[in-house]
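Chain residues, written in single-letter form:
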Amino acid sequence: MKKLLLVSAISLALSLMAGCANKTVVKYGDAEAVETTSVNFGSTDLQKIAQQMTESLLQSPVVGTVTANKRPIVFVDTVKNKTSEHIDTESLTDSISTQLLRSGKFRFVDMTKVTAVREQLNYQNDGGLVDPNKAVQFGKQVGAEYMLYGNLASIVKTNADKSDVYYKFTMRLMDLESGLVEWADETEIRKTSDKKRVGW
C-alpha cells in the first residue's frame with residue numbers, strides 16, 4: 001500500500017513538472033523590432049521595403065513636379081510575387097499606399113473594392129429602398145491618373161551548412177494616359193543563416 005501511494009505521488013509530481021515545462025507564455029513585442037526567426041520574408045523586410053519605396057517616390061523630382069499643384073489619383077496594382085515563398089504582397093502594397101496617402105500628396109482609388117461598390121450602387125439605384133434624391137448616382141467616380149505596381153523576386157542558395165536568400169523589390173509609377181513610366185526604383189535584401197556546429 002505504501003509503495004502504491006509512493007508511486008502515485010511520484011507520478012503526480014512528474015505530471016505537474018511536465019505540465020509546467022510545457023507552459024506557453026504569450027507577451028507583446030515591439031512591432032518594429034528586427035525579426036530574425038528565419039531567412040524567409042518577414043515583417044522587418046516588409047517594413048524596410050515599404051519605407052524605402054515610399055521615401056524614394058516622395059523625393060523623386062518628377063513626382064515633386066507632378067504633385068506640386070494637385071494630388072494625383074493613383075491606383076495600386078497587386079505586387080507580383082515571383083519568389084518561391086507564399087508572401088502576403090497585399091500587406092506590402094497596403095503599407096506603401098497608406099504611407100503615400102499620409103503624405104498628403106496623393107489620392108487613391110481602391111480597385112479591389114469595385115465589385116462591392118457596384119453592388120452598393122445597384123442597391124441604392126435599382127432596389128427601390130433608397131430615396132432617389134439621396135442615392136449616389138452612377139458615373140460620378142473619378143478615374144486614376146497613375147498606376148503604381150511592382151515585383152518581388154528572390155534567389156535562394158542552400159547547402160548543408162548555410163542558407164542564403166536574396167530579395168529584390170522593384171516598383172514603378174506609370175502615367176495611364178501616356179503609358180510613360182515616371183518613376184522607378186528597387187531595393188535589395190540579403191539574408192543568411194548558418195548551422196552552428198557544437199563540438200565537445
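For the structure, check the block above.
If you're wondering where the values come from, they're calculated on a predicted model, not measured in any experiment.

Student: In this structure, what is going on with the overall build of the protein chain? I would like to understand it.
Tutor: A tally of regular secondary structure across the protein chain gives five helices and six strands. If you list the helices and strands of the protein chain from N to C, you get α-α-α-β-β-α-β-α-β-β-β. Expressed as a percentage of the 200 residues in the protein chain, the buried residues total 28%. Taking all contacts inside the protein chain whose residues are at least 6 apart in sequence as the whole, residues at least 24 apart take part in 66%. Summed over all atoms, the accessible surface of the protein chain reaches about 14,400 Å², with 54% contributed by carbon and sulfur.

Student: In this structure, what is going on with helix H5 (residues 114-126)? I would like to understand it.
Tutor: What sets the pattern is the α-helix's 3.6 residues per turn: residues three or four places apart point alike. Between its terminal C-alpha atoms H5 stretches 17 Å, which fits the 18 Å expected from 13 residues at 1.5 Å a residue. Among the residues trailing H5, Gly128 stands out with phi positive, at a value near 75°.

Student: What is the right way to read the side chain of Ser56 from this model?
Tutor: Summarising the element assignment, Ser56 is placed in helix H2 (residues 43-59). Polar contacts involving the side chain of Ser56 include one to the side chain of Asp185, which spans 2.5 Å. When near neighbours in sequence (up to four residues on either side) are disregarded, Ser56 contacts Trp183 and Asp185.

Student: Teacher, can you tell me more about the pattern of salt bridges here?
Tutor: Proximity of charged atoms lets side chains of opposite charge pair with each other. Inspection of every chain in the model, using the stated rule, returns five salt bridges. Here Arg190 and Asp164 are joined by a salt bridge, their closest N and O atoms 3.1 Å apart. With Arg190 in strand S6 (residues 181-194) and Asp164 in strand S5 (residues 162-175), the pair connects residues that are 26 residues apart, well separated along the chain. Judged by relative accessible area, Arg190 falls into the exposed class, the value being 55%. Residue Asp164 is classed as buried on the basis of its relative accessible area, which comes to 17%.

Student: What is the right way to read the pairing of S6 from this model?
Tutor: Here is the key point about a regular strand: its side chains alternate between the two faces of the sheet. Across 13 bridges, the pairing between S5 and S6 is antiparallel. From the neighbouring strand, Val165 faces S6, where its bridge partner is Lys191. The antiparallel hairpin formed by S5 and S6 contains five residues in its connecting segment, where Gly179 sits at a positive phi of about 80°.

Student: Before we go on, may I ask you to explain the packing of aromatic side chains in this structure?
Tutor: A ring pair, where both rings are aromatic, is described by two values, the distance of the centres and the angle of the planes. With the rule as written, the count across this model stands at one aromatic pair. Look at Phe41 and Tyr167: their rings are 5.5 Å apart centre to centre, the planes differ by 75°, and that puts the pair in the edge-to-face class. Here Tyr167 lies in strand S5 and Phe41 lies in the loop between helix H1 (2-21) and H2, a separation of 126 residues in the sequence.

Thresholds, definitions, all that
- Residues numbered from 1 in each chain as written.
- Predicted model: local features only at pLDDT ≥ 70, side-chain atom pairs only at ≥ 80, totals over all residues.
- Heavy atoms only, no water.
- Helix = DSSP H or I, 4+ residues; strand = E, 2+ residues; numbered from the N terminus.
- Buried < 20%, exposed > 50% of the residue type's maximum accessible area, 1.4 Å probe, protein only.
- Contact = heavy atoms within 4.5 Å.
- Areas by Shrake-Rupley, 256 points an atom, 1.4 Å probe, with all protein chains shown as cover.
- Expected span 1.5 Å × (residues − 1).
- Polar contact = N/O pair within 3.5 Å; in protein donor to acceptor, adjacent residues only side chain to side chain.
- Salt bridge = Lys/Arg side-chain N within 4 Å of Asp/Glu carboxyl O.
- Pairing = 2+ DSSP bridges.
- Phe/Tyr/Trp six-rings, centres within 6.5 Å; stacked < 30°, edge-to-face > 60°.

Everything listed here is a matter of geometry and, on its own, says nothing about what the molecule does.
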